[in-house]
Amino acid sequence: DTRLSGILLTKSTTPIIGWVATLLGYVMEWIFNFLDLIGIPNIGLAIIIFTLVVYMFLLPLTIKQQKFSKLSNKMNPELQAIQKKYQGKKDQQSQLAQQEEIKAVYDKYGTSPTGSCLQLLIQMPILFALYRVIMNVPAYVKPVKDLYLQVLNGLNATQMKQFFGIDGLASGLSQDKINGCIDAMSGYTSSGSGVKLSDGVTLSKILEVADKGVADKIEGINNFFGLNLSMSPSGMFNAGMISIIVALIIPILSGLFQFLSVQLSQKLNGAAMDSADNPMASSMKIMNIMMPLMSIYMCWILSAGIGLYWMAGSLIMMLQQIFINIHMKKVDVNDIIEANKKKAAAKAEK
């Protein structure tokens, strides 16, 4: 059926994020096709390489953020002294004086309170788009999409009703419903089509009635050291496919890597965070606990592919932080200040 073979799956339509996701989708598809060419087509391996490529692309922005962090460590004692000086003074004159003194500190170091905001504004759409691509791989990787389409086209009316609660064959469905069926099979359930797998139905059960060659390919590309990346660890455990110990591997490792990444980042770049004078210190300590716990929970209920991405992302970030820190030790903060002042002067003159 040419109508079924040429459809676009549920790609993100969010402005900016959707556009970036489409571009990253081409990268993900190229990586998967390359792995297929060398005989190891696997979504898990593609996710790891894809994450590495994107984080390397973001490396210059990460270095700029680290430079700002190094500068902040030198500025923070002066800023905290100003805040302490005007603590409790709410009158307009004191507030204006405080703002002027803070501005003078930033001018002294050739930067501004929004010094790292631009890097974050650029990074956030890319990271959200990366997450979107990994969350719904068939929508962006055509060879994977084609495999799921073959399975869907091969189901009879009884099987469509059993697996999706839908009357009729796939050939009679709207494009939105077809997208929803493939999204549901691949583990993505937020397409807005209203289609989901019936209670107790898993991709493995659907593949039992599919063409064996196609079923083997789908199981192969989704298998990562025995874990089905299209299912959540909680779903695999509830379906009796794996033990609780195996099911918890990705969530626990994700939480551990998240914790180590935060600790390493603060140790290398945030020496002042533990200071009693820093009003953000207590909030950061809470975040140090909450973020890893949230990571464990999300990786338990979301598809294992997302958990693998979070693990890979945290590990890559740790390695980046170590190498960037080695580089930053060779950089004199005074050189950063002078470079910032020159840029600010050139910008003001322009």
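Since the model is a prediction, treat every value here as computed from it, not as a measurement.

K.L.:
Is there a simple way to explain the confidence of the model for the protein chain in this structure?
P.N.:
If pLDDT is low for a region, its predicted coordinates should not be looked at in detail. Confidence in the prediction of the protein chain, expressed as mean pLDDT, is 81, and 86% of residues score 70 or more. Per-residue pLDDT stays below 50 along residues 1-8; that stretch engages in 24 contacts with residues further than four places along the chain or on separate chains.

K.L.:
Where do I start with unusual backbone geometry in this structure?
P.N.:
Excluding glycine, most residues fall at negative phi; most peptide bonds, likewise, are trans. Positive phi, normally seen in glycine, also occurs at Phe-225, with a value near 55 degrees. By the element assignment, Phe-225 lies in the loop between strand 1 (223-224) and strand 2 (227-228).

K.L.:
What is the right way to read the pattern of salt bridges from this model?
P.N.:
Think of it this way: side chains of opposite charge can pair up when their charged atoms draw near. Overall, the coordinates contain four salt bridges when judged by the stated rule. Between Glu-101 and Lys-85 there is a salt bridge whose closest N-O contact spans 3.0 Å. Note that Glu-101 is positioned in helix 5 (residues 92-108) and Lys-85 in helix 4 (residues 59-85), a separation of 16 residues in sequence. Of the residues examined, Glu-101 reaches a relative accessible area of 26% and is grouped as partly exposed. In this structure, Asp-167 and Lys-161 form a salt bridge, with 3.3 Å as the shortest nitrogen-oxygen distance. The exposed category is assigned to Asp-167, whose relative accessible area is 61%.

K.L.:
It is not clear to me how the nonpolar core should be interpreted in this structure. Could you clarify?
P.N.:
Side chains that are nonpolar tend, in soluble globular proteins, to be buried together. Ranked by internal contacts, the top residues of the largest apolar core, which has 71 residues, are Leu-24, Phe-50, Leu-152, Phe-164, Met-185 and Ile-206. Judged by nonpolar contacts, the second largest core, of 14 residues, contains Val-105, Tyr-106, Met-328 and Val-331.

Definitions and cut-offs
- All chains use their own residue numbering, which begins from 1 and follows the written sequence.
- Totals for whole chains, interfaces and linings use every residue, but because this is a predicted model, local features are given only for residues with pLDDT of at least 70 and side-chain atom pairs only at 80 or more, for both listing and counting.
- Calculation of side-chain values draws on the structure's entire complement of heavy atoms; hydrogens and water are dropped beforehand.
- Across the chain, each position has a pLDDT score giving the predictor's confidence in that residue, from 0 to 100.
- Whether two residues are in contact is decided by their heavy atoms: any pair within 4.5 Å suffices.
- Numbering goes from the N terminus for both helices and strands, where a helix is a DSSP run of H or I of at least four residues and a strand is a run of E of at least two.
- Criterion for a salt bridge: a side-chain nitrogen of Lys or Arg within 4 Å of a carboxyl oxygen of Asp or Glu.
- Think of it in three bands: with a 1.4 Å probe and only protein chains considered, a residue is buried below 20% of the maximum accessible area for its type, exposed above 50%, and partly exposed in between.
- Here, the term nonpolar core denotes a set of buried Ala, Val, Leu, Ile, Met, Phe, Trp, Tyr and Cys residues that are joined through side-chain atoms within 4.5 Å.

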